[in-house]
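Descriptive analysis of the structure
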Amino acid sequence: MSKFIIQGQTKLSGEITVKGAKNSALKIIPASILSSETISLKNLPHIEDIKKSLELLADLGAVIKEEDEQISISCRNLNTTDLNPNLANKFRASIMFVGPLLARFKQVSFPHPGGCVIGAGGRPIDLFIEGFQAFGADIKVEDGLYKLKAKKIKACQHFFPLISVTATETFIMTAILAEGTTTLYNCAMEPEIKALTDYLNKCGAKIRGAGTPTITITGVNQISAGEFTVIPDRIETGSFAIMAAITKSKLIINNCIPEHILALLTILKKIGINYQINNNSLTILPNKNFRAHDIKTHEYPGFPTDLQSPYTVLMTQANGKSLIHETIYNRRLLFVDMLSQMGADIVMCDPHRVVIHGPTPLIGKQLTSPDLRAGIAMIIAAMVAQGKTEIDNIYQIDRGYEKIDQRLSAIGVNIQRNS
Ligand code: EPU
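Since this is a predicted model, take the numbers as computed values, not measurements.

Here we look at the pattern of salt bridges
- Tallied over the full model, the rule gives 17 salt bridges.
- Salt-bridge contacts for Asp198 lead to Lys194; the nearest nitrogen and oxygen are separated by 3.0 Å. Taken together, the positions of Asp198 and Lys194, both in helix H7 (residues 191-202) and 4 residues apart, correspond to about one turn of that helix.
- Taking relative accessible area as the criterion, Asp198 reaches 37% and is therefore assigned partly exposed.
- Between Asp398 and Arg417 there is a salt bridge, and its shortest N-O distance comes to 2.9 Å. A residue pair is termed long-range when its members are at least 10 positions apart, and Asp398 in helix H13 (residues 395-398) and Arg417 in strand S23 (residues 414-418) qualify at 19 residues.
- Asp398 gets classed as buried once you look at its relative accessible area, which sits at 15%.
- Each of Lys3, Lys388 and Glu390 takes part in a single network of salt bridges with overlapping partners.

Focus: the packing of aromatic side chains
- For the coordinates displayed, the defined rule picks out 7 aromatic pairs.
- The interplanar angle of 90° and the centroid separation of 5.7 Å between the aromatic rings of Tyr199 and Phe228 together place this pair among those described as edge-to-face. Of this pair, Tyr199 sits in helix H7 while Phe228 sits in strand S13 (residues 227-229), and the two are 29 residues apart along the sequence. Of the two residues, Tyr199 and Phe228, neither departs from the other in class, the shared state being buried.
- Connected via pairs of aromatic rings, a cluster forms that spans Phe128, Phe132, Phe135, Phe160 and Phe171.
- In this structure, Lys269 packs its charged tip against the face of Tyr275, placed 4.6 Å from the ring centre.

What to know about the nonpolar core
- Of all hydrophobic cores here, the largest spans 78 residues; its most connected members are Ile176 and Leu200.
- Leave out the neighbours within four places in its chain, and Ile176 touches Leu34, Leu200, Ala205, Ile207, Ile217, Thr218, Gly219, Val220 and Ile223.
- Counting 71 residues, the second largest nonpolar core, distinct from the first, contains Ile267, Leu333, Ile404 and Val413.

A closer look at the pairing of strand S5 (residues 70-74)
- In terms of strand pairing, strand S3 (residues 38-42) meets S5 through 5 bridges, oriented antiparallel. Looking at the pairing, Leu41 lines up with Ile71 of S5.
- Direction of pairing for strand S4 (residues 63-67) relative to S5: antiparallel, over a ladder of 5 bridges. Bridged to Glu66 within S5 is Ile71.

What about the sheet that holds strand S12 (residues 215-218)?
- An order of S9-S10-S12-S11 is seen for the 4 strands of this open sheet, with the pairing classed as mixed. The strands lining the two open edges of the sheet, one partner per strand, are strand S9 (157-159) and strand S11 (206-208). Each neighbouring strand pair of the sheet contributes to a mean axis angle of 15°, computed without reference to strand direction.
- Bridge count for strand S10 (residues 181-185) against S12 is 4 bridges, and the pairing is antiparallel. Across the sheet, residue Leu184 finds its bridge partner in S12, namely Ile215.
- Its contacts with the sheet put helix H6 (residues 165-175) on S10, S11 and S12, and the angle it makes with S12 is roughly 25°.

Criteria and thresholds
Residues numbered from 1 in each chain as written. Predicted model: local features only at pLDDT ≥ 70, side-chain atom pairs only at ≥ 80, totals over all residues. Heavy atoms only, no water. Salt bridge = Lys/Arg side-chain N within 4 Å of Asp/Glu carboxyl O. Helix = DSSP H or I, 4+ residues; strand = E, 2+ residues; numbered from the N terminus. Buried < 20%, exposed > 50% of the residue type's maximum accessible area, 1.4 Å probe, protein only. Phe/Tyr/Trp six-rings, centres within 6.5 Å; stacked < 30°, edge-to-face > 60°. Lys NZ or Arg CZ within 6 Å of the ring centre and 35° of its normal. Core = buried A, V, L, I, M, F, W, Y, C linked by side-chain atoms within 4.5 Å. Contact = heavy atoms within 4.5 Å. Pairing = 2+ DSSP bridges. Axes fitted to C-alpha atoms, helices over the stretch in contact; angles between N-to-C directions.

Coordinates in, geometry out; function isn't part of it.
Below, the structure written as structure tokens:
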């Protein structure tokens, strides 16, 4: 099994460029199903989750061409509306294909989507099922597959009982070709949603209110397609900022939108980590010491759950006591056990809350990456640890961070990939 081997106590220097956002790219690929015209995608990250998404689309019969860092996709003639269970059950974002297939072809079958295990009981899809029913779909479960059919997709008024990014995006896409005007209440407001709707509106969709809790979509008969440039990954941006802060280094982070991580930047400033913002670049300045500060994860624009694990590692090196409160996922704090093994002083109060007393020296260990974000957090811990850390199950890290070893080596991290 491939692993990363990291020699700790490194300083970073130089510049790093942020790649396209995984959680934007994973939505625009299935969105291509909505139109029979060809879409061109730029700035797609080269990561495992995107490969799987393109593979699933190709399996439906889409024609995908790659040229000069640009991918074009034609979904003019798809062969099937059945998502291949062996491909779709491997990643959570396969659920993003269901809305567009239902919207355009009025039918779809799919398995329970896979992915990393950070929610309780796997990751539920009840919000999706309820929503598809609200649009008039008839749902059966046969042979372990969900089978959805609708005579027509009817606009609806739908309130999300829980704020969900992928459910918000799914029902925007389901409503685009529906008859009438749909209103979605209690929507997620992540920047990736706005990026998706800006593109769809350019193609003729009628979506208003993205980036606010209430979104209305007036159905149209068809939409065209065009060019979409994936927005910079805000979680990569934040992860790199935390790497610079914890190693007390100066680091220039290019091709990012600092405004998308204001929740993190505001705390960094408060705890004594200075930075400069220059258009699409963020420079983290070297610090001597930083203070502890509590966080509570929250939907955008609050503190992102996807930055909770890197921030938790940062707090092991902060002066004082911090409370980390993870409100979105039930299993996302379990990785702190590995930080404790490395020497961190962490008390788990319950699955959603840990208290950290810092700073404590960390010592390199043999670790396993349980999920994508905990994986990058292990790398961050290894950067400040004494001695060597080995991290296995790095497939989980490659799912979301493109060539992370090469990019981190270029800014001074002593990291090697052993295949
Ligand atoms: N939930 C349900 N039922 C559902 C769907 C979600 O109970 O049918 C619950 C989840 O278990 C969770 C909460 O709702 O407790 C929020 O989950 P959400 O649906 O927002 O998550 P998501 O849309 O599946 C996206 C990102 C996640 C990110 C969350 C932040 C994508 C592909 N994934 O997930 O990204 O953590 O929003 O809310 O956009 C990651 O990149 O590491 C990652 C997990």
